[in-house]
Every structure is written in structure tokens, then in C-alpha cells.
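Survey of secondary and tertiary structure
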Amino acid sequence: MNQIEKKLKFALYGYQYIDYSIAENLNFQRCLQLLSNHRRYKTEPIAQSEVIRISEKIFYDYFPNLNREVLHLPVEEINAICKTLPELDQFIALLNQEARYMDIYQLPIVYSEGLSMDGKINKLLIDTPHIEILNQARVIFSSIELGTKIDYLSVITHVHEVIHGLLERNKGSVKNYLNTELLSNFMEKAAALSMGEDWLKLAISNRLFDLEEKKNKIEFGSLTLDEIESYQYLYSGFLAEFLFDIYQKGSLFLQKQIIREISKILKGDLILEDFLESKEISYYNDDIVKCLKKTIEEKTIKL
Ligand SMILES: [Zn+2]
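Going along each chain's sequence as written, the residues are numbered from 1 onward. Two thresholds apply to this predicted model, a pLDDT of at least 70 for residue-level local features and 80 or more for giving and counting side-chain atom pairs, whereas whole-chain, interface and lining totals are computed over all residues.

Quick look at the overall build of the chain
Operational definition: Helix numbering and strand numbering both begin at the N terminus, where a helix is a DSSP run of H or I of at least 4 residues and a strand a DSSP run of E of at least 2. To assign burial, the other C-beta atoms lying within 10 Å of each residue's own C-beta are counted, with C-beta atoms placed from the backbone; 20 or more indicates buried, 12 or fewer indicates exposed, and intermediate counts indicate partly exposed. Working definition of a contact: two residues with C-beta atoms, positioned from the backbone, lying within 7 Å.
When its secondary structure is counted, the chain shows 13 helices and five strands. Each principal axis of the C-alpha atoms in the chain carries an extent, and together these give about 60 × 45 × 40 Å. Relative to its 303 residues, the chain shows a buried fraction of 34%. Contacts in the chain between residues at least 24 apart in sequence constitute 82% of all its contacts with a sequence separation of at least 6.

Topic: the pairing of strand E1 (residues 69-72)
What counts, and what does not: In this description, strands pair whenever DSSP reports at least two bridges between them.
Of the two faces of E1, the one lined by Val70 and His72 is fully buried and the one lined by Glu69 and Leu71 carries no buried residue. Pairing between E1 and strand E5 (residues 140-147): two bridges, direction parallel. What sits directly across from histidine 72, in E5, is phenylalanine 141.

Comments concerning the environment of leucine 243
Looking at the element boundaries, leucine 243 is found in helix H10 (residues 228-249). Sequence separation between leucine 243 and threonine 128 is 115 residues; the distance between their C-alpha atoms is 37 Å. Setting aside chain neighbours within four positions, we find leucine 243 in contact with Phe186, Lys279 and Ile281.

As for the packing of helix H8 (residues 182-195) against H10
Definition in use: Between the N-to-C directions of two axes lies an angle of 0 to 180 degrees, each axis being a line fitted to C-alpha atoms and, for a helix, fitted only over the stretch in contact. Any angle from 65 to 115 degrees is called roughly perpendicular, while one under 35 is roughly parallel, one over 145 is roughly antiparallel, and all others are oblique. Crossings are sorted by hand: turned counterclockwise from the far helix by less than a right angle, the near helix makes the crossing left-handed, and turned clockwise it makes it right-handed.
Packing of H8 against H10 brings their axes to within 8 Å, and their N-to-C directions diverge by 40°. The angle between H8 and H10 falls in the class oblique. In this structure, the crossing between H8 and H10 has a hand that is right-handed. Of H10, the residues touching H8 (which contributes Leu182, Asn185, Phe186, Lys189 and Leu193) are Ser236, Gly237, Leu239, Ala240, Leu243, Phe244 and Gln248.

Some points on helix H3 (residues 48-62)
Which entries qualify depends on this criterion: To estimate the expected span of a helix, subtract one from its residue number and multiply by 1.5 Å. The arc in question is the one traced by the directions running from the helix axis out to the C-beta atoms.
In this model, H3 (15 residues) spans 22 Å end to end at C-alpha, consistent with the 21 Å of a helix rising 1.5 Å per residue. Within H3 the residues assigned to the buried category are Val51, Ile54, Ser55, Ile58 and Phe59. Along the long axis of H3, the arc covered by the buried residues comes to 135°, so they all point the same way. Exposed positions of H3 whose direction lies more than 90 degrees from the buried face are Ser49, Lys57 and Asp61. Tucked inside the fold, the buried residues of H3 contact helix H7 (152-168) and H8.

Details of the environment of leucine 183
Relative to the elements of secondary structure, leucine 183 occurs in helix H8. Spatially, the C-alpha atom of leucine 183 lies 9.5 Å from that of leucine 239, the residues being 56 residues apart in sequence.

Things to note about the environment of isoleucine 54
Along the chain, isoleucine 54 turns up in helix H3. Through-space distance from the C-alpha of isoleucine 54 to that of methionine 195 is 9.4 Å; in sequence the pair is 141 residues apart.

Remember that the coordinates give geometry; whether it matters functionally is a separate question.
This is how it looks when you write it as C-alpha cells:
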């Protein structure tokens, strides 16, 4: 993705900056060094319909009162609008007009070749150098995509994608583009924890394996635009482990407070970065390295 495309994505989703200083941050480098010899673990298959049912139950237990509506348009309708060959501003006006609110748990699920921790939420990307047109575009989702290997980890992946959708529906809820994966990553662990400690270990072990793969894709000391996607997972990933550790060992009062704040972020009433600052979740806090070390020692699967 080139610089201009990146800027466009920023305008469409309301991001404001990328923390370019991260490549030189010592605590980030220390976290990277802790990633070695992780493995991927598999679990027993379950029925597709069970995935959504369990995901919804877990989500409801954490956020019983949260409005879950997102804007939706089926791919076929988007294609039909495209076929009329409208001008871009007209196209966006039509999309904004046709899109309808839908409970994110009603979004169509599509499956593509992949593992149970592979997933994404499909949304409309509009390609134009005109920022003012992009600013008018609303964020419209078409479906949630899951890997064809369906097992209990697919539940966690579904929760992860639901959080992406609810976060991205409110443009500007996340300022630093590198933080995009943080809440999804945190809630996948929270979801695993409510399934049991063993599932948490499995989720953390697989996530660390995934991060190690991302680490091997980046060059040390530089932050080219091509590498930003990998950085995004690593940057968000370590911060999510840090936040989750504080959550898990915290009092019931603190746990409830963290979930309440996350719910405010998902409603568009609080900016993620302000929440992180209030909890001192950052790479300038040396505890992040100790926390990751402890997580690797105590919360991963040992053979
Ligand atoms: Zn994600």
C-alpha cells in the first residue's frame, strides 16, 4: 500500500496518525525479542451455527446493553449500484442512502480457506484521492469472513471481528492507526477466559505464534509502509497482553470499570488513546516487558 492509499484509508476510517517512533522504542524491541519458538495449537471441530451462538452469548455477558447496529449493504447491492456507473460523489450518496442498520450478529458469515483464527470483517473501500468525498462516506459492512477450519477458536475469532466492526462504525474512535487491533485482541482473550483458563492459554499461545510470524516479516529499525500492517499487529498485540494482564489480575471493580470504558469506546463516547493513557498502557511504561515475560511463562501451553 503506498503513502496516498494509506492516507485515504485514514480519511475513510478517521485515523489521524501512525506512531512512527515505535521502531526505535526500546520496550517494543524488548517485547519483540521475547517472541521465540511459539507454536500453533489445534482444537476439536464444532458446528458453524454453534460459533455464532456462543460468540453472541459471550458478547452479551460482557456488554448486555450495548447497541450493536452497524450499516450493512449486501455485496450484490453494492455491485448493482456500481453497474449504473455513477459519478463518485453520487455513488457515495447512493451507498449512504441504501445502507441499512443491522445488528452485527445478523451480518452474513462467509467462509474462506483458512484456520480458525483467520477472520476479517468485510467493508467497503472507496478508492479516490479526494479526501472530502471520503469524509462523506459512511463505513458500510458487507459480511464477516471466517476460516473454513471451524472449531472453538472460531468463536474467539468471531468476537474479534465483531469488536472491529463496532469500533470502526464510529470514525475517529482510534487515533493511532497502529492501535487498530488492540481492542479486538483484548476481547478475544476476554472471550477465551469466559470459556475457561485452558482456552485462554490456547488463545494466547496461538496469538503469540501469529505475532512471531509477523515479527519475522519486518526489518528491524525501519518502518516502511509495507511493514505497517505487521507492525500494527505487534504494536496492538503487546499492548493488548498488557491491558489483559491488568484486567485479569484486577479487582472485580477494576474489571467492571475496564469493560465499561471499552463499551464507551464502542459507542463512540470515548477515544481509545484517552482510555489507554488513563490506564498507563504504553511502551513508555517498563511494566509492559515484565508483563509479556510473565504472560509467556504462565499463560501459554507448555509441552
Ligand atoms: Zn483484527
